[in-house]
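Residue-level structural notes
In case you want the letters, here they are:
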Amino acid sequence: MTGKPRNIVILTGAGVSAESGIATFRGPDGLWEGHRVEDVATPDAFRRDPDLVLRFYDLRRAALADVHPNPAHEALAELDSAWDGELLLITQNVDDLHDRAGTARMVHMHGELTRAFCRICQERQDAPPEMRSGTVCASCGAENTLRPDIVWFGEMPYHMARIDSALSSADLFVSIGTSGAVYPAAGFVREAAANGARTLELNLEPSEGTMFFDEARHGPAGTLVPAWVKELLG
C-alpha cells in the first residue's frame, strides 16, 4: 500500500480466533456448536428457554480457558502499542483473546462472553462461572435478571457512534478474518472508502465483500497479520 496512514481502523472477525481453536460462528451445516442460531442467539430464544441459552454461553465461556492468543492477536496488540496515530480495533468476536494479547484501543461490537448484563439496573459485570435463572445481579441484588452481555440477532451492536466517528476520520481501514456477510460490519469498508480511506482485506479466502477493497491478501491470519504489521511499522 502506498503512503503511510495516520489513523487506522481495524475490523476483526471469527477468522482471527479460529486459528486459536475457537469455532467460527456457523459451521457448514448452519449450526453453531451443534445448535441452531435461532435457539441460542436471539432474544426470542432467551425468552423461550433461558436455561438452554445460559448453559450454552456457560460452556462457551468455560472453553476460553483452553485457548490462547495466536500470532495475529499478538501482532495487532504490538501495533496498538507502537502506533502513535489514532487506532481503533473493532472486533465482532465475543472471546477475550484480543484483550489477553494486550490490545487496549478496542471495542467489542457484539459484546463479551466474559461479561453479564442486568436487564433491571442495566449494569454490566463480570459473568459468574455459571448463570442460571435464579442468578443474583451483583449490582442491584435482583434475581433472574442476568443475561449474557452478547448482541444477539435482531439487536443493535454496541459502540456504533464511536465506530462511525473512527471510520469518518480513518486513513486506512483493514478487515481481518471476516466473511463480509454480517451487517452492519460488512458495510464498514464502503463507509471508510467513502470518507477517503484506503482499504485492505486480510482473509483466509476472498470474502463476500472483497470487491469493495483496494487490496486483498489471502491466507492464514497468523501469517498475514504479523507480516502486514511488520511492514507497516517498518
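Residues numbered from 1 in each chain as written. Predicted model: local features only at pLDDT ≥ 70, side-chain atom pairs only at ≥ 80, totals over all residues. Heavy atoms only, no water.

As named in an unreviewed UniProt entry, the chain is NAD-dependent protein deacylase, taken from Pacificimonas pallii. The heading Subcellular location (unreviewed entry) in the UniProt record of the chain holds the text "Cytoplasm". We quote the UniProt Sequence similarities (unreviewed entry) comment for the chain here in full: "Belongs to the sirtuin family. Class III subfamily." (UniProt positions renumbered as here; feature names shortened; annotations may be inferred.)

Turning next to helix 7 (residues 160–169). Of the positions making up helix 7, those classed as buried are Met-160, Ile-163, Ala-166 and Leu-167. Each buried residue of helix 7 sits inside an arc of 125° when the element is viewed along its axis, so together they form one side. Those residues of helix 7 hidden inside the fold are in contact with strand 1 (8–12), strand 4 (87–91), strand 5 (106–108), strand 9 (172–176) and helix 8 (188–194). (Buried < 20%, exposed > 50% of the residue type's maximum accessible area, 1.4 Å probe, protein only. Helix = DSSP H or I, 4+ residues; strand = E, 2+ residues; numbered from the N terminus. Arc of directions from axis to C-beta. Contact = heavy atoms within 4.5 Å.)

Another aspect to go through is the UniProt feature "binding site: Zn(2+)" (unreviewed entry) in the chain. As annotated in UniProt, the feature "binding site: Zn(2+)" (unreviewed entry) corresponds to Cys-118, Cys-121, Cys-137 and Cys-140 in the numbering used here. Despite a sequence span of 23 residues, these residues sit close together in the fold, their greatest C-alpha distance being 8.8 Å. If you trace the backbone, Cys-121 turns up in the loop between strand 6 (111–118) and strand 7 (124–126). Taking the relative accessible area as the measure of exposure, Cys-121 reaches 24% and is therefore partly exposed. Those residues in contact with Cys-121 that lie beyond four places of it in its chain are Cys-137, Ser-139 and Cys-140. Its place among the elements puts Cys-137 in the loop between strand 7 and strand 8 (146–150). Not counting the four nearest positions on each side in its chain, Cys-137 is found in contact with Cys-118, Cys-121, Gln-125, Ala-142, Thr-145 and Leu-146.

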